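Commentary on secondary and tertiary structure
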Amino acid sequence: MKPMQRELTAWAITQIQEKYPEDVALLIGVSGHSLENDCHGECFDYFVPANDNGNNLAQTFIIDGVGHDLYPRSWQRIENMADLNDDFAFGLADAKILYCRSEADRRHFIELRERLMTNLKDKDFMFKKALGKLDTAMEIYRTMIFEASPYKVKMGAGFIVHYLAIAVAYINGTYFKQRLDLETVELAQMKEIPEHFINLYEEIVKATASEELKTLCFNIISTVRGFIADRRPLKAEALKQPNYKELAAWYEEMSLTWRRIYYHCNTGDYQRVFPDALRLQHELNIIKEEFGLVEMDLLGSFDIRDLNGFKQRAEELENYILSEIEGHDVAINRYDTLEQFLAENR
């Protein structure tokens with residue numbers, strides 16, 4: 001630590017000891033903020049208040065052109081970092097404790113750091129976190145695609161590649177450690193990277209035309225979606241033990257939807273076929289994941305000029321579902337008549 005860094009760190013610690021001895025649990029330092037020639041740029045990053053009064057330590061100021069922000073991060077925020085619900089993971093993983101109120105505070109911080117490290121090694125956990133970042137990028141894209149303002153398109157594209165980069169890092173069981181570099185610098189060192197991802201990222205940084213940015217964002221999102229899908233942890237599939245009685249109950253509920261589809265296909269009423277077809281496709285997508293079933297493409301066969309062909313596809317999928325249920329020795333609650341139902345359900 002350089003002389004000016006030491007002096008500023010000592011000042012912050014003195015402030016805590018003299019004004020907030022019971023109100024501040026930790027003072028934390030993190031590298032990666034300042035320029036190399038800012039000799040007092042990295043003396044501290046944040047502090048952990050022990051109570052509301054501790055928040056009063058917060059200060060922002062500029063010394064010789066270098067800005068400083070002594071700000072609070074609550075224990076809850078640090079837990080969020082440990083569980084990767086806060087993107088500032090390196091603020092916990094690579095943090096240096098500059099001051100602690102007690103050994104208990106130090107131990108709690110270290111335990112949260114260990115929790116982060118455990119999460120980073122859990123492939124199933126990290127896969128889910130990567131999916132979350134992918135979803136965020138896709139949500140930004142859904143808005144950006146309709147944006148006309150060039151700077152807003154560029155900003156949307158920037159955030160899209162940022163969240164996609166985090167998703168890729170999570171698949172690699174890691175996090176970004178530097179704030180001052182473009183993320184591609186660290187991505188290039190990771191073991192698994194989507195094909196052409198770095199090139200697409202760099203093209204997005206260089207592009208200025210809105211339509212080009214939108215196309216590039218579509219391409220990079222598609223690339224990362226495939227990359228993540230190919231890395232679904234085997235553990236998640238192995239632990240899944242479907243209850244086929246639940247699938248049977250699902251079918252009993254949805255059988256009326258199939259019945260309506262067949263009826264309206266026979267009458268040629270596509271305006272009534274489509275809403276049920278849409279709902280059924282959504283339900284099929286859900287049970288595919290829950291029960292490890294094959295891809296069930298229903299809507300791909302929807303054509304108002306060939307409702308008989310669509311009806312045939314719906315029948316094929318219904319028979320497939322029935323074969324899965326019956327193949328696992330599960331009976332469907334079927335009754336030929338109301339009298340039979342009443343007799344058996346007294």
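Residues numbered from 1 in each chain as written. Predicted model: local features only at pLDDT ≥ 70, side-chain atom pairs only at ≥ 80, totals over all residues. Heavy atoms only, no water.

Digging into helix 5 (residues 123–144)
Spanning 22 residues, helix 5 covers 31 Å between terminal C-alpha atoms, matching the ideal 32 Å at 1.5 Å per step. Looking only at helix 5, the buried set comprises Asp 124, Met 126, Phe 127, Lys 129, Ala 130, Lys 133, Leu 134, Ala 137, Met 138, Tyr 141 and Met 144. The N-cap of helix 5, judged by a side-chain oxygen 3.1 Å from the amide nitrogen of Asp 124 a few residues on, is Asp 122. (Helix = DSSP H or I, 4+ residues; strand = E, 2+ residues; numbered from the N terminus. Expected span 1.5 Å × (residues − 1). Buried < 20%, exposed > 50% of the residue type's maximum accessible area, 1.4 Å probe, protein only. Polar contact = N/O pair within 3.5 Å; in protein donor to acceptor, adjacent residues only side chain to side chain.)

Some thoughts on the pairing of strand 5 (residues 96–100)
With four of five residues buried, strand 5 is to be regarded as a mostly interior element. Sheet topology note: the strand 1 (residues 24–29)/strand 5 ladder contains four bridges and is antiparallel. Within strand 5, the position partnered with Leu 27 by the bridge is Tyr 99. (Pairing = 2+ DSSP bridges.)

A word on the packing of aromatic side chains
Counting across every chain of the model gives 13 aromatic pairs. Taking the centre distance of 6.2 Å and the plane angle of 70° together, the rings of Phe 197 and Tyr 201 count as edge-to-face. In this pair, Phe 197 and Tyr 201 both sit in helix 8 (residues 197–206), four residues apart, roughly one turn of the helix. Across the pair, Tyr 201 and Phe 197 agree in class, each one buried. When the ring of Tyr 335 is compared with that of Phe 341, the centres are 5.2 Å apart and the planes differ by 85°; the resulting orientation is edge-to-face. The exposure class of Tyr 335 is partly exposed, given its relative accessible area of 28%. Members of the aromatic cluster, joined through ring pairs, are Tyr 46, Tyr 71, Phe 88 and Phe 90. (Phe/Tyr/Trp six-rings, centres within 6.5 Å; stacked < 30°, edge-to-face > 60°.)

Quick notes on the packing of helix 11 (residues 244–267) against helix 13 (residues 307–326)
Viewed as axis vectors pointing N to C, helix 11 and helix 13 meet at an angle of 165°, and their least axial separation amounts to 10 Å. As the angle between them shows, helix 11 and helix 13 are arranged roughly antiparallel. When you trace helix 11 past helix 13, the crossing you get is left-handed. Residues Tyr 244, Leu 247, Ala 248, Trp 250, Tyr 251, Trp 258, Ile 261, Tyr 262, His 264, Cys 265 and Asn 266 of helix 11 pack against Leu 307, Phe 310, Lys 311, Ala 314, Glu 315, Leu 317, Glu 318, Ile 321, Leu 322, Glu 324 and Ile 325 of helix 13. (Axes fitted to C-alpha atoms, helices over the stretch in contact; angles between N-to-C directions. Parallel < 35°, antiparallel > 145°, perpendicular 65-115°, else oblique. Left-handed = near helix turned anticlockwise from the far one by under 90°. Contact = heavy atoms within 4.5 Å.)

Focus on the sheet that holds strand 5
The mixed open sheet is built from five strands, whose spatial order is 3-4-2-1-5. The strands lining the two open edges of the sheet, one partner per strand, are strand 3 (59–63) and strand 5. On average, adjacent strands in this sheet sit at an angle of 20° to one another, irrespective of strand direction. Two elements, strand 3 and strand 4 (residues 66–72), share five bridges in a ladder whose sense is antiparallel. Paired with Ile 62 across the two strands is Gly 67, which belongs to strand 4. Across the sheet, helix 2 (residues 75–82) touches strand 1, strand 2 (46–49) and strand 4, and the angle it forms with strand 2 is around 120°. Helix 4 (residues 103–121) contacts strand 1, strand 2 and strand 5 of the sheet and is inclined by roughly 50° relative to strand 1.

Function-wise, these values are silent; they only describe arrangement.
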